[in-house]
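In case you want the letters, here they are:
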Amino acid sequence: MSAVVTHRTEPGAPVRPSGRAPRRPVHTVVGILILAVMLFPLYWMVNVSLQPAGNAVATPWFPADITLRGYSTAISEQGGNLVTSLVISLGAVVFSLVIATPAAYAMAHFKLGRWATIVLFGILVTQMVPGIVVANALYSAYSDLGLLNTVPGLILADSAAGIPFSIILMRAFMGSIPTSIVEAAYVDGAGHVRAFFSIVLPMSRNALITAGLFTFLFAWGDFLFALTLTTTADLRPITLGLYTYVGSFVADWSPIMATAVLSSLPAIALLVLAQRYVAAGVTGGAVK
Amino acid sequence: MADPAVGVRSRTAPPAGAPAGRRGSQKTQARVVQVAFLVPAVVYLVLFFGYPVVKNVLMGFQAYTTRTFYTGEAPWVGLANYSAVVGNAIFDRTLWNTLFFTVGSIVGQFAIGLAIAVFFHKKFALSGVLRSLILLPWLIPMIAGTAVWRWILDTDNGALNRLLSAVPGLDLHPNWLTSPELALLAVIGVNIWLGIPFNMTILYGGLQEIPEDLYEAGALDGATGWRAFRHITWPMLRPVVTVVLVLGVVYTLKVIDVILGLTNGGPANSTQTISTFSYDMSFRQFDFGQGAALGNILILISLVFAVVYLRINRKAVDE
């Protein structure tokens, strides 16, 4: 939920000479300790998920007796919800990028003057609108439009975090594409549309991937819209599945934690697989 | 709320006195294409942020209940919703809870986030890997985080109380999530945990931007360690700090998943904030009018805060 400023994440990547890190074993040890404390809940999640039926007994500190029963229960009971979340999140990524990318380009390269500032300000203001306010109004609008309990309804609502974030991130990145390159395309007779597709999009690959990944995470992690804009069990994203799970089955924690682990996999995949793109997208964006 | 569409839409139509001739129409055409790039995003923002805010303001003055969905009628009731929610027995409680939750979360997240950022700013083996792994709590679904914390904070078999009971001479079994005195504290604690990675990331980015030679120059003047932090790091970090704090407050005021996931606002409303109260009114008691009134109060609080803060720090945020 960090929209807006995240593009500053790693601005200084090239600032320091990338020499070898000095050996300071004490620092490394303290660093590992900090990490251990911060990540204990995640360890616990995995640990509990691998334990045999933990019917309200204290979970052993280490998973000595590993079983995947928690996962098989989780998949049979929550698998459908995982698929629902996947469909909605991918939909939100596509929709957000289609909407946000041209806007980001327009704001970075067209001489829109005052209007660019107004739109940018509008985007910043959106950050102050509480989700519950949006949900409150959308519920009645969705009810009239027949969008409650529908995939398109959730895709549209779940893009609410991704679109402003993507515009800000990609605008910063596209601003760093030299105007001369785009102008060269105009000289060759390309219009705005062709220049956008054949030059700007390929050059912005990293920013697009980064914006897409974060939009995916926002939509995947959405709980409030899942809670308020679905009223039946027919269409239930995994976050809501997990919430109702915790409310009803608290006796047995291993399937619940297995569900939590499964719902966290995209985050882990993002961190592992996409770091290269994200670092590049984010750094490029910050350099302006 | 600014309505960015108003201005942009008027541009869609070619200006009345557009110069005639080929050149002119080409120019107009280019303008139309340019505007077409921006319009979908503006329309989306208006529909999914502008409309809800306007609608919510209106609903705040209406008797908007389950009946409305059948009859389509939502009579105007003036300030009745506001007097009902402010007069509600738990309103004061939710206001205080919102304040404690916001201030407690921000102070904790910021202080710990800054400490970790400063620590990882030093170069040491594995620092990059460890630093990126710290981001994980931020990237997992919040509701998954709250689910595991519920089991960690369980009174009888939770990991935290088992650790506490292992301390000799300490016979404590706090009811973290089920006693009205502790629940808010526990919820704040979990929210701090969730917020540390965000604070750390942005502050670390700020630290990276401080030129290395400032420290070298400072070291010549004897500014090292704590003094270097006070006289170089902190002043240079100020703009980033402002951004982190403003966003932190704005985000924390509207937090809802952490509280619903951990306590559902209970026990005895001890963790109910304006956000969750608004949710409760609209979606559990189906009084959308009162829910909207609470939502509007929340917007007002965050607006007042943001305006005051931005005024004080205008320069810092302009960057």
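The structure presented is a predicted model; accordingly, all values stated were derived computationally and were not measured.

What counts and how
- Residues numbered from 1 in each chain as written.
- Chains lettered and ligands numbered in written order.
- Predicted model: local features only at pLDDT ≥ 70, side-chain atom pairs only at ≥ 80, totals over all residues.
- Heavy atoms only, no water.
- Helix = DSSP H or I, 4+ residues; strand = E, 2+ residues; numbered from the N terminus.
- Buried < 20%, exposed > 50% of the residue type's maximum accessible area, 1.4 Å probe, protein only.
- Areas by Shrake-Rupley, 256 points an atom, 1.4 Å probe, with all protein chains shown as cover.
- Contact = heavy atoms within 4.5 Å.
- Axes fitted to C-alpha atoms, helices over the stretch in contact; angles between N-to-C directions.
- Parallel < 35°, antiparallel > 145°, perpendicular 65-115°, else oblique.
- Left-handed = near helix turned anticlockwise from the far one by under 90°.
- Nonpolar A, V, L, I, M, F, W, Y, C, P; charged D, E, K, R; others polar.
- UniProt positions renumbered as here; feature names shortened; annotations may be inferred.
- pLDDT = per-residue confidence, 0-100.
- Salt bridge = Lys/Arg side-chain N within 4 Å of Asp/Glu carboxyl O.
- Core = buried A, V, L, I, M, F, W, Y, C linked by side-chain atoms within 4.5 Å.
- Patch = residues over 30% accessible without salt bridge, like charges linked within 9 Å, V, L, I, M, F, W, Y side chains within 5 Å.
- Buried area = accessible area lost by both parts, 1.4 Å probe.
- Polar contact = N/O pair within 3.5 Å; in protein donor to acceptor, adjacent residues only side chain to side chain.

Asker: What's the story with the overall build of chain A in this structure? I'm lost.
Answerer: Secondary structure summary: chain A contains 12 helices and zero strands in total. The secondary structure elements of chain A, listed N-terminal to C-terminal, are α-α-α-α-α-α-α-α-α-α-α-α. Scored against the burial criterion, the 288 residues of chain A give a buried share of 59%. Carbon and sulfur atoms make up 69% of the accessible area of chain A, which amounts to about 11,700 Å² in all.

Asker: Teacher, can you tell me more about the overall build of chain B here?
Answerer: A tally of helices and strands in chain B yields 16 helices and zero strands. Here chain B, with 319 residues, has 54% of them falling under the buried criterion. Considering only contacts in chain B between residues 6 or more positions apart, those separated by 24 or more positions represent 67%. When the accessible surface of chain B is split by element, carbon and sulfur atoms take 64% of a total near 14,600 Å².

Asker: Before we go on, may I ask you to explain the packing of helix H11 (residues 253-273) of chain A against helix H8 (residues 142-152) of chain B in this structure?
Answerer: Two numbers describe a pair of packed helices, the interaxial angle and the distance between the axes. Here H11 of chain A crosses H8 of chain B at 150 degrees, and the two axes come no closer than 9 Å. As the angle between them shows, H11 of chain A and H8 of chain B are arranged roughly antiparallel. Seen along the crossing, H11 of chain A lies across H8 of chain B with a hand that is left-handed. Of the residues in H8 of chain B, those in contact with Trp-253, Met-257, Ala-260, Ser-263 and Ser-264 of chain A of H11 of chain A are Ala-144, Ala-147, Val-148, Arg-150 and Trp-151 of chain B. Considered class by class, the residues forming the contact of H11 of chain A with H8 of chain B number seven nonpolar, two polar and one charged.

Asker: How should I be thinking about the UniProt feature "transmembrane region" (unreviewed entry) in chain A in this particular structure?
Answerer: What UniProt calls "transmembrane region" (unreviewed entry) maps, in this numbering, to residues 26-46, 86-108, 115-139, 151-170, 207-233 and 253-274 of chain A. Overall, residues 207-233 of chain A shows 78% helix and 0% strand. The separation of its end C-alpha atoms is 36 Å.

Asker: Help me understand the confidence of the model for chain A in this model?
Answerer: Caution applies to low-pLDDT parts of the model: their predicted coordinates are not meant to be read in detail. Residue and element names in this part refer to chain A. Confidence along chain A averages 85 in pLDDT terms, with 86% of residues attaining 70 or more. Considering only residues more than four positions removed or in separate chains, one finds that residues 1-19, a stretch of pLDDT under 50, has 53 contacts. When the criterion is pLDDT under 50, residues 284-288 qualifies, and its contacts beyond four places in sequence or with other chains add up to 11 contacts.

Asker: Hey, could you run me through the pattern of salt bridges in this one?
Answerer: Pairing between side chains becomes possible if they bear opposite charge and their charged atoms approach one another. Residues and elements named next belong to chain A. All told, the structure shown has two salt bridges over all chains when counted by the stated rule. Close ionic contact of Arg-69 with Asp-252 constitutes a salt bridge, the shortest N to O distance being 3.2 Å. Placement of Arg-69 in helix H2 (residues 69-109) and of Asp-252 in the loop between helix H10 (238-248) and H11 is noted, with a sequence separation of 183 residues between them. On the basis of relative accessible area, Arg-69 is assigned to the partly exposed category, the value being 30%. With relative accessibility at 14%, the residue Asp-252 sits in the buried group.

Asker: When you look at the nonpolar core in this model, what are you seeing that I'm missing?
Answerer: Nonpolar side chains in soluble globular proteins tend to end up buried together. Core analysis: the largest hydrophobic core is formed by 182 residues, its most contacted members being Met-170, Phe-225 and Leu-229 of chain A together with Leu-203 of chain B. With 15 residues, helix H10 (residues 183-209) of chain B is the single largest residue contributor to this core.

Asker: How should the confidence of the model for chain B be read in this particular structure?
Answerer: Residue and element names in this part refer to chain B. Confidence along chain B averages 87 in pLDDT terms, with 90% of residues attaining 70 or more. For the stretch residues 1-20, pLDDT sits under 50, and the model shows 27 contacts to residues farther than four places along the chain or on other chains. Confidence metrics for the complex model read pTM 0.88 and ipTM 0.88.

Asker: How do you make sense of the UniProt feature "transmembrane region" (unreviewed entry) in chain B when you look at a structure like this?
Answerer: If you check UniProt for "transmembrane region" (unreviewed entry), the listed places come out as residues 32-54, 99-120, 132-152, 240-262 and 288-310 of chain B in our numbering. For residues 132-152 of chain B, helix accounts for 81% and strand for 0%, while the C-alpha atoms at its two ends are 24 Å apart.

Asker: Sorry if this is basic, but what is going on with the packing of H10 of chain A against H8 of chain B here?
Answerer: Running from amino to carboxyl end, H10 of chain A crosses H8 of chain B at an angle of 20 degrees, the nearest separation of the two axes being 9 Å. Taken as axis vectors, H10 of chain A and H8 of chain B run roughly parallel relative to one another. Both H10 of chain A and H8 of chain B take part in a crossing whose hand is left-handed. Here H10 of chain A contributes Thr-239, Leu-242, Tyr-243 and Val-246 of chain A to the contact with H8 of chain B, which in turn contributes Ile-143, Ala-144, Ala-147 and Arg-150 of chain B.

Asker: Which parts of the structure should I look at to understand a nonpolar patch on the surface?
Answerer: A grouping of Trp-96, Leu-99, Phe-100, Val-103 and Val-107 of chain B is seen on the molecular surface, where their side chains present a nonpolar patch of about 510 Å² in accessible area. In this fold, Phe-100 of chain B is placed in helix H5 (residues 91-121).

Asker: Please clarify how the interface of chain A and chain B should be interpreted in this entry.
Answerer: By convention, interface size is frequently given as the accessible area that disappears when the constituent parts associate. Contacts between the two partners involve 104 residues from chain A, matched on the other side by 98 residues from chain B. Each partner contributes to the roughly 9,000 Å² buried at the junction of chain A and chain B, and carbon and sulfur atoms together form 75% of this total. Joining chain A to chain B, the criterion identifies 16 residue pairs in polar contact (both at pLDDT 80 or more). The greatest single-element share of the side of chain A that touches chain B, amounting to 15 residues, is contributed by helix H1 (residues 25-49) of chain A. Among the residues making up the side of chain A that touches chain B, the classes are represented as 76 nonpolar, 23 polar and five charged.

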